[in-house]
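Coordinate analysis (summary)
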Amino acid sequence: MRTIRIGTGAGYSGDRIEPAAELAARGKLDYLVFECLAERTIALAQEARRRDPDAGFDPLLAERFRAVLRPCVPTA
């Protein structure tokens with residue numbers, strides 16, 4: 001039987017990314033899953049969109065992806 005290691009992190013932009021980044025770096029995981037509080041996330045995104053319709057996606061999204069993907073991608 002094969003063991004699969006699954007880690008979880010908080011996916012809302014206001015949540016801390018450090019625990020998930022730590023899991024990505026040292027957890028020896030097969031999968032990293034993010035939980036999102038959809039109602040809160042969508043409501044805040046709609047408020048931001050009303051303020052600036054051209055702003056696009058969450059400004060922290062790229063930074064959060066880099067934080068968890070950096071340990072998974074070998075450096076050249």
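Right, let's walk through the structure included here. (Residues numbered from 1 in each chain as written. Predicted model: local features only at pLDDT ≥ 70, side-chain atom pairs only at ≥ 80, totals over all residues. Heavy atoms only, no water.)

Remarks on the pattern of salt bridges
What counts here: In the sections that follow, a salt bridge refers to a side-chain nitrogen of Lys or Arg positioned within 4 Å of a carboxyl oxygen of Asp or Glu. Throughout, exposure labels follow a simple rule: accessible area from a 1.4 Å probe, protein chains only, divided by the maximum for the residue type, with under 20% read as buried, over 50% as exposed, and the rest as partly exposed.
Taken as a whole and judged by the stated rule, the model has three salt bridges. For Glu-18, the salt bridge goes to Arg-16, with nearest N and O atoms at 3.7 Å. Residue class for Arg-16 comes out exposed when judged on its relative accessible area of 59%.

Some points on the side chain of Arg-64
Note the threshold: Helix and strand assignments follow DSSP, with helices taken as H or I runs no shorter than four residues and strands as E runs no shorter than two, numbered in order from the N terminus. In this count, Lys and Arg are taken as positive residues and Asp and Glu as negative ones, while His and the chain termini are left out. Polar contacts here mean pairs of N or O atoms no more than 3.5 Å apart (in protein, one a potential hydrogen donor and the other a potential acceptor; neighbouring residues in sequence count only if both atoms are side-chain atoms).
Counting through the fold element by element, Arg-64 comes out in helix α3 (residues 61-69). One buried charged residue, Arg-64, forms no salt bridge at all, with the nearest opposite charge on Asp-15 at 5.6 Å. Within the local environment of Arg-64, its side chain forms a polar contact with the backbone oxygen of Asp-15, the two atoms lying 3.0 Å apart.

Section: the nonpolar core
Applied cut-off: The definition of a nonpolar core used throughout is a set of buried Ala, Val, Leu, Ile, Met, Phe, Trp, Tyr and Cys residues joined through side-chain atoms within 4.5 Å. Note on contacts: a residue pair qualifies if any of its non-hydrogen atoms lie within 4.5 Å across the two residues.
Counting six residues, the largest nonpolar core is built from Ile-17, Ala-20, Ala-21, Ala-24, Ala-67 and Val-68. Residue assignment for this core shows that the elements contributing at least two residues are α1 (18-26) and α3. Setting aside chain neighbours within four positions, we find Val-68 in contact with Ile-17, Ala-20, Ala-21, Ala-24, Leu-32 and Phe-34.

That is the geometry; function is a separate question.
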